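Residue-level structure breakdown
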2 protein chains.
Amino acid sequence: MDCRIWQGSRRIDSVRADDRGLAYGDGLFETVRVVAGRPVLMEWHWARLSAGCQRLGLPDLLFWRDALDDFLAGRGDGIVKLLVTRGGGGRGYLPPFDAEPVFILSWHALPDFPLRNSEEGIAVGLCQLELAVQPALAGIKHLNRLEQVLLRRELVAQPGCAEAVVCDSEGRVVEGVFSNLFLVRDGVLITPDLARCGVRGVLRDALLDAAAELGLPAHVGTVSLADCGAADEWFFCNSVYGIWPVRRWGERAWLPGPMTRQCQAMIAAWFHSA
Amino acid sequence: MDCRIWQGSRRIDSVRADDRGLAYGDGLFETVRVVAGRPVLMEWHWARLSAGCQRLGLPDLLFWRDALDDFLAGRGDGIVKLLVTRGGGGRGYLPPFDAEPVFILSWHALPDFPLRNSEEGIAVGLCQLELAVQPALAGIKHLNRLEQVLLRRELVAQPGCAEAVVCDSEGRVVEGVFSNLFLVRDGVLITPDLARCGVRGVLRDALLDAAAELGLPAHVGTVSLADCGAADEWFFCNSVYGIWPVRRWGERAWLPGPMTRQCQAMIAAWFHSA
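Along each chain, the written sequence defines residue order, and numbers are assigned to residues from 1. All chains are assigned letters beginning with A, and all ligands numbers beginning with 1, in the order in which they are written. pLDDT decides what is reported in this predicted model: residues at 70 or higher carry local features, side-chain atom pairs at 80 or more are listed and counted, and totals for whole chains, interfaces and linings draw on all residues regardless.

**Some details on the overall build of chain A**
Short version of the rule: What counts as a helix is a DSSP run of H or I of at least four residues, what counts as a strand is a run of E of at least two, and both are numbered from the N terminus. Partly exposed residues are those whose C-beta has more than 12 but fewer than 20 other C-beta atoms within 10 Å; with 20 or more the residue is buried, with 12 or fewer it is exposed, and the C-beta atoms are placed from the backbone. Contacts are defined on C-beta atoms placed from the backbone: any two residues whose C-beta positions lie within 7 Å are in contact.
The helix and strand tally for chain A stands at 8 helices and 15 strands. With respect to the principal axes defined by its C-alpha atoms, chain A has extents near 55 × 40 × 35 Å. Residues classed as buried in chain A amount to 49% of the 274 residues present. Put simply, 73% of the contacts in chain A that link residues at least 6 apart link residues at least 24 apart.

In C-alpha cells:
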C-alpha cells in the first residue's frame, strides 16, 4: 500500500500490534477527494478532524498539515485517507498518559462509481439495521464503524441500489450507508440533525455553509421515512463522489430537480478550484 | 511487545496499515487469565469468540487453538490477549471478498489490582455516559470500544472507586466499565440482560452455568439503579480479576455476603484447575 506512518512527528515503518486504533477503534479518519494533487474541501476535513480530536481527548498536531502537503506533492487524482489513533501501549481501556498519536496517510484510486449516478440519479434501498443513539460519539468520524460494515453488507443485498436510507433506533432518518442526505420540499433544503448519531459529512457541512451564504433556505431537523417519500427532490452526498440524485425509492420515482442541479453545480466548482 | 501475528495461518511481522481492525474496528478480542501457563475458562472464551465471528461474518479458524497452545508453552501467570480482525485490503466499508483474517496473540503482565478488592470489597461509582442500544452488536466482544474508553476516563475521575455502574440510554443498569455485575436479593442471583447492549463476560456466563448446575436460583433480566441500592449483596466480576464485592456505593455500605463468598470459592477452584 502507498502509505506513510508517523508516531508523533517521527516516521515509523508499521503500526504496532497494540495500537489503540486496532484494539478499541480509538481514533478518527478522513477520506478526502484529491483533484490534480489538491485535496478538496480540506479545511472542512481538518475542522471535523479537530472536532473529533477534541471530543476523544486526542492531541491535534499542526504537523499533520505539513505531512499531508508533502505526501500529496506530485500526485494527480485520487483519494487520500487520513487516519489518527491514540497510539500504542498498554492493555485495558484507560489511555496511557504518555500515549503518542499515530498518523497514517494512504493513497487510493478513485472508486469506479458510474457517472450516471450523478447525472440520472440512483435507485435507493432501505436498511433494516438501525443506528444506535450515542450523542457522545455522534457527528465525528471515529473508527468504531461496525454498524457501517453491517449496513454496507445489507446494501449489497439490495440489487440495483447504490445507496440506502438508514434510520436510528427511534425510527428517525439519519443518513445513507456511506453518505449524508438532503431533501427538498417547497424550495427548502432539509437534512437530518446528527446530534444523536450519524456522521457529519464535510460535503453536508459545506452545502449548509453555502446555503447560508447564498440565502438559500435550509433546515436541519427531524426527518421521517414519510418525509423522504413526500420530498419534491432528494439526494445523497459525500465528499468523494459529490451528489447522487434519488431516481427511485420503492414504488416512487423522481427526476433530478433544480435545487439538486444547483448544488451539483456548486460542488463541481469546488472540485475544480480545490 | 511479546506477540505473534498471523494472516490466515501464515505468520506475518506486523499489522498492515489498511487492516480493517484498525480502519473500522472490524474484529473481536478476548482477554484471558493464564495460571501456570494454562488459560482459565478457555472454552467459554472460544465460545464467545466463535459467536462473535458468526455475528460479524468472520471465519472461525480451528488453527487458532493450536496457535494459542504453542504461544503459551513454557509460560507462567499472566494475561493472553487474542485479537481477530477481518484482515487487510481495500478502502470502504464493504469487506473484500478475499479478505483473510488476522489473528494476534499478545502476552501481558497481570494488572496490579489490590488483593483487598476481592477480600474487603470496593467502592463503586456511577457513570454519566450511557451505553447506546444496538442489539446487532450486543454481547460480543468486538473492537468498537470507544464507549468503554470514555467510561474508563470517567471512572478515573471518581477517586477511590474501583468500578462504576453503567446504564443504557433507557436508564437500565447494564454492567460495569470493564466488568459484569450480579445482585443478590432474597437468595436469588440477578444479572442484567445483555440482549440490547453490553459485553457478555465469560465469567458471567460461567457463573450462570454453574448456578444452573448447582440448582442456585439465578435470573437474567432488567435491573434498575434502585435494584442495586436495595440488593442484599452485589458484586462485579471479570475473567481477569475474578469477583469484587461491593462495599460502598454512594451513601450505602455492604459487607461481602454468603452468596458472593460462595461464587468466589467456585472461581478460585476454576482458576486453580485451569
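**Details of the relation of the copies chain B and chain A**
For clarity, the threshold we go by: Least-squares superposition of the copies uses the C-alpha atoms of those residues scoring a pLDDT of at least 70 in each of them.
At an RMSD of 0.0 Å, chain B and chain A line up after a rotation of 180° and a shift of 0.0 Å along the axis. Both copies are brought into coincidence by an operation consistent with a two-fold rotation axis. Looking at the interface residues of chain B, 100% of them are also at the interface in chain A, so both copies use one shared face.

**Quick notes on the environment of Gly-229 of chain A**
If you trace the backbone, Gly-229 of chain A turns up in helix α7 (residues 225–229). Note: C-alpha distance between Gly-229 of chain A and Leu-110 of chain A (119 residues apart in sequence) is 31 Å.

**Some thoughts on the domain arrangement of chain A**
Interface size is often expressed as the accessible area that is lost when the parts come together. All names here are of chain A. In plain terms, the rule: Boundaries of every domain are those given by an automatic assignment or by a domain database. Residues are grouped as follows: Ala, Val, Leu, Ile, Met, Phe, Trp, Tyr, Cys and Pro are nonpolar; Asp, Glu, Lys and Arg are charged; every other residue, Gly included, is polar.
The assigned domain composition of chain A is domain 1 (3–108) and domain 2 (116–272). With centres defined by C-alpha atoms, the gap from domain 1 to domain 2 works out at 26 Å. Taken residue by residue, the interface counts 20 residues in domain 1 and 14 residues in domain 2. Counting residues per element, the ones that place at least two in the side of domain 1 that touches domain 2 are β3 (27–35) and α2 (42–56). Top element by residues in the side of domain 1 that touches domain 2 is β3. It accounts for 8 residues. In terms of residue class, the side of domain 1 that touches domain 2 is made up of 10 nonpolar, 6 polar and 4 charged.

**Some remarks on the sheet that holds strand β2 (residues 10–12) of chain A**
Residues and elements named next belong to chain A. Applied cut-off: Whether two strands pair comes down to DSSP finding at least two bridges between them. Axes, fitted as lines to C-alpha atoms, cover a helix only where it is in contact. Angles between the N-to-C directions of the axes lie from 0 to 180 degrees.
Taken in spatial order, the 6 strands line up as β2-β1-β6-β5-β3-β4 in an open sheet, and their pairing is antiparallel. Because the sheet does not close on itself, it has two edges, and the strands there are β2 and β4 (38–39). Strand direction decides the pairing type here: strand β1 (residues 3–7) and strand β6 (residues 102–108), joined by 5 bridges, are antiparallel. The residue of β6 that forms the bridge with Cys-3 is Ser-106. Together, β3, β4 and β5 (78–85) form the strand contacts of α2, whose direction differs from that of β3 by roughly 175°.

**Remarks on the sheet that holds strand β5 (residues 78–85) of chain B**
All names here are of chain B. Strand order in this open sheet of 6 strands is β2-β1-β6-β5-β3-β4, and the pairing throughout is antiparallel. Across the chains shown, the open sheet's two edge strands, defined by having one partner strand only, are β2 (10–12) and β4 (38–39). Here helix α2 (residues 42–56) sits on the sheet in contact with β3 (27–35), β4 and β5, set at roughly 175° to β3.

**What to know about unusual backbone geometry**
Residues and elements named next belong to chain A. Even without being glycine, Leu-41 reaches a positive phi, approximately 55°. Looking at the secondary structure, you find Leu-41 in the loop between β4 and α2. Under the C-beta neighbour-count criterion, Leu-41 is labelled buried, with 21 such atoms within 10 Å.

**A look at helix α5 (residues 146–156) of chain B**
Inspection of α5 of chain B places Leu-146, Glu-147, Gln-148, Val-149, Leu-150, Leu-151 and Leu-155 of chain B among the buried residues, and these make up the whole buried set. Lining the buried residues of α5 of chain B we find α1 (20–24) of chain A together with β7 (122–126) and β8 (161–167) of chain B.

**Here's the deal with the confidence of the model for chain A**
Note the following rule: For every residue, the predictor states its confidence as a pLDDT score lying anywhere from 0 to 100.
Chain-level pLDDT for chain A is 96 on average; 100% of the residues reach the 70-or-more range. ipTM for the predicted complex: 0.96, alongside a pTM of 0.97.

**Let's talk about the pairing of strand β12 (residues 218–221) of chain B**
Residue and element names in this part refer to chain B. The line we're drawing: Crossovers are described as right-handed under a simple rule: with the strands pointing away from the observer, the path leading from the first strand over the helix to the second runs clockwise.
Direction of pairing for strand β11 (residues 188–192) relative to β12: parallel, over a ladder of 4 bridges. Paired with Ile-190 across the strands is His-219, a residue of β12. Regarding the hand of the β-α-β motif, the stretch spanning β11, helix α6 (residues 202–214) and β12 is right-handed.

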